[in-house]
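Observations on the model geometry
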Amino acid sequence: EAAVTQSPRNKVTVTGGNVTLSCRQTNSHNYMYWYRQDTGHGLRLIHYSYGAGNLQIGDVPDGYKATRTTQEDFFLLLELASPSQTSLYFCASSRDRDNERLFFGHGTKLSVL
Amino acid sequence: GEQVEQLPSILRVQEGSSASINCSYEDSASNYFPWYKQEPGENPKLIIDIRSNMERKQIQELIVLLDKKAKRFSLHITDTQPGDSAMYFCAASRNTGYQNFYFGKGTSLTVIP
């Protein structure tokens with residue numbers, strides 16, 4: 001089973017705060033994704049990446065930056081956090097472009113007060 | 001991006017009966033349709049998937065049907081057990097260009113003993 005590790009598991013910040021969510025996968029997967037999960041909205045894609053240095057915009061990118069520093073590491077940055085960004089964030093990875101399954105991390109619960 | 005509609009949002013069934021979840025998609029180029037199960041406090045995990053070259057796939061009590069003309073696919077859980085209680089997400093993906101997954105909003109399934 002592919003391993004996707006997210007940190008921190010829980011984070012509380014204030015409005016305007018600076019937050020970095022981390023994700024590491026150790027299975028040499030090419031694709032990595034950041035989703036947010038909200039009741040009534042399911043899983044919505046924020047950003048994704050195919051390989052180190054690559055970044056693609058997802059469906060709900062406003063207020064988020066992301067950076068893929070290595071094949072293993074994908075970061076989500078909230079530079080001016082707002083209460084609307086209170087959510088459960090999932091990182092996921094998949095092997096390549098031929099419709100491979102997603103492996104999810106265990107999520108980061110972010111609260112913006 | 002692709003829109004995936006999932007119904008119902010809430011489903012309650014008696015133990016031993018069948019449960020059905022339906023999804024529809026817009027992009028006729030979508031060719032991969034996975035289903036994920038998310039138990040409370042856990043990450044989503046793939047339970048079954050189907051590709052566009054198939055109409056039906058079964059893994060034990062899970063059956064997935066795909067109707068490409070109607071752009072609909074469905075998950076059927078036969079002989080439901082309390083352990084099937086969870087949130088279920090359908091998704092659609094295509095592998096032209098970058099791989100991306102679009103999720104439905106989820107179905108909360110409760111199996112009543």
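Residues numbered from 1 in each chain as written. Chains lettered and ligands numbered in written order. Predicted model: local features only at pLDDT ≥ 70, side-chain atom pairs only at ≥ 80, totals over all residues. Heavy atoms only, no water.

**What to know about the interface of chain A and chain B**
- Facing the 26 residues of chain A at the interface are 24 residues of chain B.
- Taking both sides of the interface into account, the surface hidden between chain A and chain B amounts to around 2200 Å²; carbon and sulfur atoms contribute 47%.
- Between the two partners, chain A and chain B, sit 5 residue pairs in polar contact (both at pLDDT 80 or more).
- Counting residues per element, the ones that place at least two in the side of chain A that touches chain B are β4 (31–38), β5 (42–50) and β9 (87–94) of chain A.
- It is β5(A) that provides the largest number of residues to the side of chain A that touches chain B, a total of 5 residues.
- Here the side of chain A that touches chain B is built from residues that sort into 10 nonpolar, 10 polar and 6 charged. (Contact = heavy atoms within 4.5 Å. Buried area = accessible area lost by both parts, 1.4 Å probe. Polar contact = N/O pair within 3.5 Å; in protein donor to acceptor, adjacent residues only side chain to side chain. Helix = DSSP H or I, 4+ residues; strand = E, 2+ residues; numbered from the N terminus. Nonpolar A, V, L, I, M, F, W, Y, C, P; charged D, E, K, R; others polar.)

**Some remarks on the state of the cysteines**
- On inspection of all chains with the given rule, the structure shows 2 disulfides over all chains.
- A disulfide bridge connects Cys23(A) with Cys91(A), and the sulfur atoms are separated by 1.9 Å. Classification of the bridge connecting Cys23(A) and Cys91(A) rests on its S-S torsion, roughly -75°, and on that basis the disulfide is left-handed. In this pair, Cys23(A) sits in strand β3 (residues 19–25) while Cys91(A) sits in strand β9, placing the two residues 68 residues apart along the sequence.
- With a relative accessible area of 0%, Cys91(A) lands in the buried category.
- Across the disulfide from Cys23(B) sits Cys90(B); the S-S distance is 2.0 Å. (Disulfide = S-S within 2.5 Å. Buried < 20%, exposed > 50% of the residue type's maximum accessible area, 1.4 Å probe, protein only.)

**Structural notes on a nonpolar patch on the surface**
- Taken together, Val12(A), Val14(A) and Leu113(A) make up a surface patch of nonpolar side chains, about 310 Å² in accessible area.
- Structurally, Val12(A) is set in strand β2 (residues 10–13). (Patch = residues over 30% accessible without salt bridge, like charges linked within 9 Å, V, L, I, M, F, W, Y side chains within 5 Å. Areas by Shrake-Rupley, 256 points an atom, 1.4 Å probe, with all protein chains shown as cover. Salt bridge = Lys/Arg side-chain N within 4 Å of Asp/Glu carboxyl O.)

**Quick notes on the pattern of salt bridges**
- Scanning the entire structure with this criterion turns up 7 salt bridges over all chains.
- Measuring nitrogen to oxygen at the nearest pair gives 2.8 Å for the salt bridge that ties Arg24(A) to Asp73(A). Taken together, the residues span a long stretch of sequence, with Arg24(A) in strand β3 and Asp73(A) in strand β8 (residues 73–78) at a distance of 49 residues.
- Residue Arg24(A) is classed as partly exposed on the basis of its relative accessible area of 44%.
- Using a relative accessible area of 11% as the deciding quantity, one classes Asp73(A) as buried.
- A salt bridge links Lys45(B) to Glu42(B), with the shortest nitrogen-to-oxygen separation between them at 3.8 Å.
- Residue Lys45(B) is classed as partly exposed on the basis of its relative accessible area of 38%.
- The network of salt bridges with common partners includes Arg36(A), Asp38(A) and Arg44(A).

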